[in-house]
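Chain and residue survey
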Amino acid sequence: MKSVYRYLLIVALLIGALSAYSYGSQTGVFLFVVLGFVLEAGFWFGLFPIKRRNQR
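This text gives an overview of the structure that appears in the document. This one's a predicted model, so the numbers in the text were calculated from it and none came from an experiment. (Residues numbered from 1 in each chain as written. Predicted model: local features only at pLDDT ≥ 70, side-chain atom pairs only at ≥ 80, totals over all residues. Heavy atoms only, no water.)

1. Thoughts on the overall build of the protein
Let me state the cut-off plainly: Working definition: helices are DSSP H or I runs of at least four residues, strands are E runs of at least two. Numbering for both runs from the N terminus. Both definitions apply: the radius of gyration is a C-alpha atom measure, and the globule rule equals 2.2 Å times residues to the power 0.38. Exposed residues in this analysis have more than 50% of their type's maximum accessible area, buried residues have under 20%, and partly exposed residues fall in between, with area computed by a 1.4 Å probe over protein chains only. Areas reported here follow the Shrake-Rupley algorithm with a probe of radius 1.4 Å; residue values treat only the protein chains shown as occluding.
Looking only at helices and strands, the protein has two helices and zero strands in total. A globule of 56 residues ought to have a C-alpha radius of gyration of about 10 Å, yet the protein, at 14 Å, is considerably larger. On the principal axes, the C-alpha backbone points of the protein span a range of 50 × 25 × 10 Å. Burial statistics for the protein: of 56 residues in total, 12% are counted as buried. Of the accessible surface of the protein, which amounts to about 5,000 Å², a share of 68% is contributed by carbon and sulfur atoms.

Written out as structure tokens, the structure reads:
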């Protein structure tokens, strides 16, 4: 069940990023383009998480 929430969050981040890019390009407000970039970064880092090795 945990993976279902993860995938829903990833899809929500992608939709949010696309919406922010679209609104930013229509209105010319650069803040929405930056918000879209942040949401897209969250999408990519959520899709491919950084795996850390155990250093013992």
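2. Thoughts on helix α1 (residues 2–27)
Defined as follows: Given the number of residues in a helix, its expected span is that number minus one, multiplied by 1.5 Å.
In this model α1 runs 37 Å from its N-terminal to its C-terminal C-alpha over 26 residues, within 8% of the 38 Å that 1.5 Å per residue would give. For α1, the complete set of buried residues consists of Ile 10, Leu 13, Ala 17, Ala 20 and Gly 24. Backbone geometry just after α1 places Gly 28 at a positive phi near 80 degrees.

3. Focus on a nonpolar patch on the surface
Note the threshold: Each patch is assembled from residues with relative accessible area greater than 30% and no salt bridge, linking like charges that lie within 9 Å and nonpolar side chains (Val, Leu, Ile, Met, Phe, Trp, Tyr) that lie within 5 Å. By definition here, a salt bridge exists when the distance from a side-chain nitrogen of Lys or Arg to a carboxyl oxygen of Asp or Glu is within 4 Å.
A cluster of nonpolar residues, Phe 30, Val 34, Phe 37 and Val 38, forms a patch on the protein surface that exposes about 430 Å² of accessible area. Within the secondary structure, Val 38 is located in helix α2 (residues 30–47).

4. Some words on the environment of Ala 12
Turning to its location among the elements, Ala 12 is positioned in helix α1. Residue Ala 12 is classed as partly exposed on the basis of its relative accessible area of 45%. Spatially, the C-alpha atoms of Ala 12 and Leu 39 are 9.2 Å apart, while their sequence positions differ by 27 residues.

5. Concerning the packing of aromatic side chains
Heads up, the condition is: Each Phe, Tyr or Trp ring, with Trp reduced to its six-membered ring, pairs with another whose centre is within 6.5 Å; inter-plane angles below 30 degrees give stacked pairs, above 60 give edge-to-face pairs, and intermediate values give tilted ones. We call a charge positioned over a ring when the NZ of a Lys or the CZ of an Arg lies within 6 Å of the ring centre and within 35 degrees of the ring normal.
Applying the stated criterion across every chain yields a total of two aromatic pairs. The side chain of Arg 6 reaches across the aromatic face of Tyr 7, ending 5.8 Å from its centre.

6. Re the environment of Tyr 7
Tracing the chain through its elements places Tyr 7 in helix α1. Taking relative accessible area as the criterion, Tyr 7 reaches 48% and is therefore assigned partly exposed.

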